[in-house]
Amino acid sequence: MNNISHNYGKYCKPNLVNQLQSLSLDIPYHRGEGNYLFYNRKGKEIKVLDFLGGFGTLIFGHNNEQLLNALKKGLDERIPFASQGSNRREAGDLAYELNRMIKEKLNEDYLIILSNSGTEAIEVCIKHCFYTQYHKHKKKKEQIEASLKKMSNKWGDNLEIDASVIKVIKNNFPEESIHSGFTSIATLIKNLNDNIFERRPVLIGLKNAFHGKTMGSIQLTYNMEYKRELCHSGPKTIHVCASNTDELQAAIKNNTACFFSLSVENKCLKLIEHPFTLVAGFVAEPIQGEGGMKVIDKDFLVKAAEICRASDVPVVFDEIQTGMGRTGTFLFAEQVGITPDYIALSKGLGGGLTKIGATLIPRRIFGEDFDKIHSSTFAEDSFSAIVAKKSLELAEDKTFLINILQRSCQIKKGIIEISAVFPGIIEEIRGVGFMLGLEFKIPEFSGSNCLRLLADQDMLGYVISGYLLHEFDIRTLPCLSNKSVIRIEPSGYTTEDECNYFLKAITRLCEILYKENIYELCKFMVGRHRSETSAPIKNYRKPSFRKQTEQCEKKVAFIGHFIKASDMIDWEDSFERFTESELEQIIETIYPLISPFVSDRKIVTSVTGEKVQLDMMGFIITSTIIARHMRENNLQPLLKKINDCLQLAESNGCTMVGFGGFTSIITGNCKNISMDTISYTTGNAFTAAMGLKAILTEAPKLNIKLENATFTAVGAAGNIASVYSEFMAQYVKKIILIGAKGRVENIISLALKIFTSCIHNIQAVPENEITGIARALMMAPSVKKLKTVELAQTNYQDLYKYAINELGEDFPIVTTDEISMIKEANLILCSTNTPNAIIFPQMLGKHAIVICDIALPFDVEHSVRSMVNVKVIEGGIVRIPNADDFKIPGILLPKGTAYACMSETLLLGLEGVRNNYSYGNISLDQVKEIYQISKTHGFELGQAKLERSF
Ligand code: F0G
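Before going into details, it helps to say that this report is about the structure given with it. Residue indices begin from 1 for each chain and proceed along its sequence in written order. pLDDT decides what is reported in this predicted model: residues at 70 or higher carry local features, side-chain atom pairs at 80 or more are listed and counted, and totals for whole chains, interfaces and linings draw on all residues regardless. Calculated side-chain values reflect all of the structure's heavy atoms, with hydrogen atoms and water omitted.

With that settled, consider the nonpolar core. What we call a nonpolar core is a set of buried Ala, Val, Leu, Ile, Met, Phe, Trp, Tyr and Cys residues that are connected through their side-chain atoms within 4.5 Å. Note on exposure labels: buried denotes an accessible area under 20% of the residue type's maximum, exposed denotes more than 50%, and partly exposed covers the range between, all computed with a 1.4 Å probe on protein chains only. Counting residues in hydrophobic clusters, the biggest one holds 160 residues, and the most contacted among them are I102, F282, I411, F440, I506 and L521. In this description a helix means any DSSP run of H or I spanning at least four residues, a strand means any run of E spanning at least two, and both kinds are numbered starting from the N terminus. Tallying contributions element by element places helix α18 (residues 496-514) first for this core, with nine residues. Setting aside anything within four residues of it in sequence, one finds I102 in contact with N107, E108, Y110, F330, L331, I343 and L360. Residues V612, I747, L752 and L786 belong to the second largest nonpolar core, which totals 90 residues. Contact criterion: two residues are considered in contact whenever any of their non-hydrogen atoms come within 4.5 Å of each other.

When at least one non-hydrogen atom of a residue lies within 4 Å of a molecule or strand, that residue is treated as near it. Among the 14 residues in the neighbourhood of the ligand, the closest are listed as G118, T119, D318, K347 and R487. Think of a polar contact as two N or O atoms within 3.5 Å of one another; within protein, one of them needs to be a possible hydrogen donor and the other a possible acceptor, and neighboring residues in sequence only count if both atoms come from side chains. In the environment of the ligand, a nitrogen atom lies 3.5 Å from a nitrogen or oxygen atom belonging to the backbone of F210. Here an oxygen atom of the ligand sits 2.7 Å away from a polar atom, N or O, in the side chain of R487. Areas reported here follow the Shrake-Rupley algorithm with a probe of radius 1.4 Å; residue values treat only the protein chains shown as occluding. Taking 470 Å² as the accessible area of the ligand by itself, protein coverage stands at 83%. All amino acids are sorted into three groups, where Ala, Val, Leu, Ile, Met, Phe, Trp, Tyr, Cys and Pro are nonpolar, Asp, Glu, Lys and Arg are charged, and the leftover types, Gly among them, are polar. The class makeup of the residues in the shell around the ligand is three nonpolar, six polar and five charged.

Moving on, we come to the state of the cysteines. Whenever a pair of cysteine sulfur atoms sits within 2.5 Å, that pair is classed as a disulfide. Summed over the entire model, instances satisfying the criterion amount to zero disulfides. In this model C499 remains outside any disulfide bridge; the closest cysteine sulfur is found in C409, 11 Å from its own. Not part of a disulfide, C510 finds its nearest cysteine sulfur in C522, a span of 15 Å. For C510, a relative accessible area of 1% gives the class buried.

Moving on: the pairing of strand β20 (residues 482-488). Within β20, six of the seven residues are buried, leaving the element largely enclosed by the surrounding structure. Note that strand β17 (residues 435-440) and β20 share four bridges and pair antiparallel. For L438, the partnering residue across the bridge sits in β20 and is I486. Of the pairings in the sheet, the one linking strand β19 (residues 478-479) to β20 comprises two bridges and is antiparallel in character. Residue pairing for β20: C479 is matched across the bridge by N482. Strands pair, by our definition, only if DSSP identifies at least two bridges between them. Where β19 folds back on β20, the antiparallel hairpin that results is connected by two residues.

As a further point, take the pattern of salt bridges. Pairs can form between side chains of opposite charge once their charged atoms are near each other. Just to be clear on terms, a salt bridge is a Lys or Arg side-chain nitrogen sitting within 4 Å of an Asp or Glu carboxyl oxygen. Counted under the stated rule, the structure contains 48 salt bridges. With its nearest N and O atoms 3.0 Å apart, the salt bridge here joins K136 to D312. Residue K136 is located in helix α6 (residues 118-154), and its partner D312 is located in the loop between α11 (298-310) and β13 (315-318); the two are separated by 176 residues in the primary sequence. On the basis of relative accessibility, which here comes to 34%, the residue K136 falls in the partly exposed class. For D312, a relative accessible area of 45% puts it in the partly exposed group. Note that K270 is salt-bridged to E265, the shortest N-O span being 3.8 Å. By sharing partners, the salt bridges in this structure join E97, R100, E104 and E396 into a single network.

Here we come to the environment of F886. Structurally, F886 is set in the loop between β32 (876-879) and β33 (897-899). The exposure class of F886 is buried, given its relative accessible area of 4%. Between the C-alpha atoms of F886 and E428, which are 458 residues apart in sequence, the distance is 37 Å. Non-local contacts of F886, meaning those with residues more than four positions away in its chain, are made with K602, V604, L614, I880, P894, K895, G896, T897, A898 and M902.

Once that is clear, we can look at the sheet that holds strand β10 (residues 279-284). Here we have seven strands laid out as an open sheet, ordered β4-β15-β14-β13-β10-β6-β7, and mixed in their pairing. A strand with exactly one partner marks an edge of an open sheet, and here the two such strands are β4 (110-115) and β7 (236-240). Across the sheet, the mean angle separating the axes of adjacent strands is 20° when strand polarity is ignored. Summarising the sheet, β10 and β13 pair through three bridges and their orientation is parallel. Paired with F282 across the two strands is V315, which belongs to β13. Orientation is described by lines fitted to C-alpha atoms, with helices fitted over the stretch in contact, and by angles between N-to-C directions that extend from 0 to 180 degrees.

Any empty space left between the atoms is revealed when a probe the size of a water molecule rolls over them. If you add up the space inside the second largest pocket, you get close to 1,200 Å³. Buriedness for pockets is judged along seven lines, at least five of which must meet protein on both sides within 12 Å for an open set on the 1 Å grid over protein atoms alone, while cavities are sets there where a 1.4 Å probe fits but cannot get out, and lining residues have an atom within 4 Å of a point. As for the second largest pocket, its lining consists of 46 residues, and the residues nearest its centre are S831, T832, N833, I854 and A855. Listing elements by their share of the lining of the second largest pocket, those giving two or more residues are α24 (662-666), α25 (684-701), α26 (719-728) and α31 (900-911). No other element matches α26, which puts four residues into the lining of the second largest pocket. Among the residues forming the lining of the second largest pocket, the class breakdown is 20 nonpolar, 19 polar and seven charged. Grid points are joined across faces, edges and corners, and a volume is the space filled by probe spheres set on the points.

Let's shift gears to the packing of helix α10 (residues 246-254) against α11. Orientation of α10 relative to α11, taken along the N-to-C sense of each, is 15°, at an axis distance of 10 Å. Our classification of the angle between α10 and α11 gives roughly parallel. The handedness of the crossing between α10 and α11 comes out as right-handed. Where α10 abuts α11, its residues L248, Q249 and I252 lie against A304, I307 and C308. Grouping the constituent residues of the contact of α10 with α11 by class yields five nonpolar, one polar and no charged. Oblique is the label for any angle not covered by the other classes, which are roughly parallel (under 35 degrees), roughly antiparallel (over 145) and roughly perpendicular (65 to 115). For any helix crossing, the convention is left-handed if the near helix is rotated counterclockwise from the far helix by under a right angle, and right-handed if that rotation is clockwise.

Okay, empty space enclosed by the protein next. Evaluation of the coordinates by the stated rule reveals eight cavities of 30 Å³ or more. Counted as a void, the largest cavity has a volume near 170 Å³. Mapped onto the lining of the largest cavity, the elements with two or more residues apiece are β22 (597-605) and β23 (611-618). The element that contributes the greatest number of residues to the lining of the largest cavity is β23, accounting for three residues. Residues belonging to the lining of the largest cavity are distributed by class as follows: 10 nonpolar, six polar and no charged.

Within the element layout of this structure, N669 appears in the loop between α24 and β25 (679-681). Sequence separation between N669 and F378 is 291 residues; the distance between their C-alpha atoms is 60 Å. N669 has contacts with S664, T682, N684, Y919 and G920, leaving out every residue within four places of it along the chain.

On to the side chain of Q133, then. By the secondary structure assignment, Q133 is in helix α6. Sequence-distant contacts of Q133, that is, excluding residues within four places in its chain, are made with P201, T277, L278, V279 and A280.

As a general point, the strands of a sheet are linked pairwise by backbone hydrogen bonds and lie either parallel or antiparallel. Reading across from one edge, β28-β27-β26-β29-β30-β31 is the order of the six strands in this open sheet, with parallel pairing throughout. The sheet terminates laterally at β28 (813-816) and β31 (870-873), the two strands that pair on one side only. If you compare each strand with its neighbour and ignore which way they point, the axes differ by 15° on average. Looking at chain direction, strand β30 (residues 849-853) and β31 are connected through four bridges and run parallel. Looking at β31, one finds that C852 is bridged to I873.

Non-glycine residue N63 carries a positive phi angle of around 45°. Secondary-structure assignment places N63 in the loop between α3 (53-56) and α4 (65-76). Take N63: its relative accessible area is 34%, and that puts it in the partly exposed class.

Let us look at the side chain of N99. Here N99 shows up in helix α5 (residues 89-106). N99 gets classed as buried once you look at its relative accessible area, which sits at 13%. A polar contact of 2.8 Å, which involves the side chain of N99, links it to the side chain of D109.

Quick look at the structure:
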């Protein structure tokens, strides 16, 4: 079905629309009138004050009546839209007006090349700069050639040759042997000049500039993001800073070349150098709009123009955004006080109705044939020319220009006052006329985790725009190359009241940011109703966040994520006002947009006094979303984020990265990671150690005696179940290994492994110290009579079978696919990968039971948790030494404690381990080793873990 509201995203800009959608900025406006845009919300037409102004295009507002009338008149008269190759009256009229206006202001006689967009107007500047340079150099080269020709008629072969001539020829034509004759040397010099003539011209632009996105102009645009793939093509460009002219001067100096000619003095052939610059143009956007509304210092521009003039470099002013009265004068060049060689106009020239660009080129340098070699089918169309001519008339109007300057002052003054009331929120209000930038700055020490995140991720500007749009019906957007700056480019007819309304909105926004009430800021994202603008704003401002500044040699990182959306309340207090499903909606919206970041930094001190720094790598996502990616077999985007986390951790000097929650699962217990310059751990070894410790701690509380207990592993084929079973075999009387239906063979090898290690144990320790399964096995005569010396020749598989025969019902290791066997168990480990719960109250025995459920999702049905005599745990939580206030926002654990996987990362950091640790399958030996390490550093079981951590 053709759903027109989706076509733009589906057929034009899928990625952009996704992003806009995330921030509720994907509004389908159906009408624009004056200073307003209109859209329908729930059947009601909403009127939006447009302070973005079509990226500066709408200086005369939307569908300006006078411009519409001019256009309508043209349409009514049926003037031809396209009459290429004829005397184009409308284009001529427009050019006449533009020439007249600018001659009055800048005292230069410009010809006008019309085009269809801003970038094209810049392309024409570039092209003409190259055109001029070509002809200038060609002329010089030909003059030299002519003079050489003339001289060769005069001079024969008997000339002395100056060393400078020999040097330059040797340097450039090392293969050539030098003949003394004038003609042969003149030929080489001519060839050399031909080569030099081929050198590519250079353009100089300013850092941070924006000039468009076509192949030429994009090289002048500074932001690498736009031209990653294009940086080796197109015109050669150098970007210099605008704070002083040193870089400009150096760039011109470093890009000089030289033609050579010859002279004869006292019968000696000498070299003459004719230096020239390769710089074909210096291009400046006097107020950098897209780059953050930065006004370039006027003194810099004046001085730069002088330097350029002295070096024969033309100056190009990109007034595409600053022109047409936006800064209170028709051109900004008038305020700077210089007359550029080229001026590019667009945006407002088309009056918001037509697409048009204009390049102004002085008549004195226009050239013989530029207008013939440059053309465009649509340039000079009559309708855009009619509208543009009318636009010029509107832009000359004094009251219009004065209004822009007065309203601009009003906004600037208002913002400065707001800033004084809510300090530390607004960095600066800058710009000229209606080309203003409002820069927000959230301090690094803001107590709000969410605000720090939004600022870190360059998202604050978008959220602010969303807020202003949904709470105040004001349209703005951040500058794309400087996203903490909100563009303020309203129409030149904006009234005092409209500016006051804007200031009112900014006041409330600043109060919200100051009070760190992120709920108020973000509630538009979940479609909550707007607040009354006078409603009090609850203060959530927290004491400053103290960034860890202590230096620590050992550094580790841990990748963690929220378990459920409501954990975000622990991370950001004001989120308490959202419901669980709203929080889910928020996280669903933002998780694709956020790249990894260091959300917190802690230093942990071992009881040995050693220290390790922990960088908490924020991975804004929930278990539910990760599980969905797993189900949909779409892990690539998440693995990419994990890889970015690793890169960041490495660049911060971390040597070990721990994988929390689902991140270890989706990386196949770290095995699917290719980066090998940093070590990883899933933390599974210490997680198992603490789980076992928790079972051993909880059992006596329910009066379960281990030596009489039966341990059951449900889902025994897995690695973790195997480790648990091997360990429990040391303590319990009987082990039941339950495998998947019809898959008993998968667990026989585990049974045999346990059996073998018991046999070794029996041989290794005195009889009275033998415990657990080994003790039960000693009842089998074939086991009992086995001698240590016979161990090497023992076939354990056979011995296992004999022992089963001998002990029958009393054989202590049972392998089965019958889940009902858990009835006997006192200690149960669940680790199946079945999608639904499989253990229900009626399946359990009447005695006391400890269940450790590490399955994902749970194996134990919820009601089992409320049974008396049954304790369901999910592992162990670790108490961190010397850190009673250890707390990571968003991880809901008591202060001073951490999950075992994070603790393993810390332990490995303290130990200086530099290889992957819990990686792929883990072994019982590893579990024992990490447990010993934990004892060295004073990490202890804090409590049994009762809630799912992933
Ligand atoms: N020069 C300047 C100063 C501009 O601001 C722009 C566009 C261009 C050239 C290119 O014009 O888009 O018509 O090809 N600026 C927009 C902006 C995109 O965000 O300010 P175009």
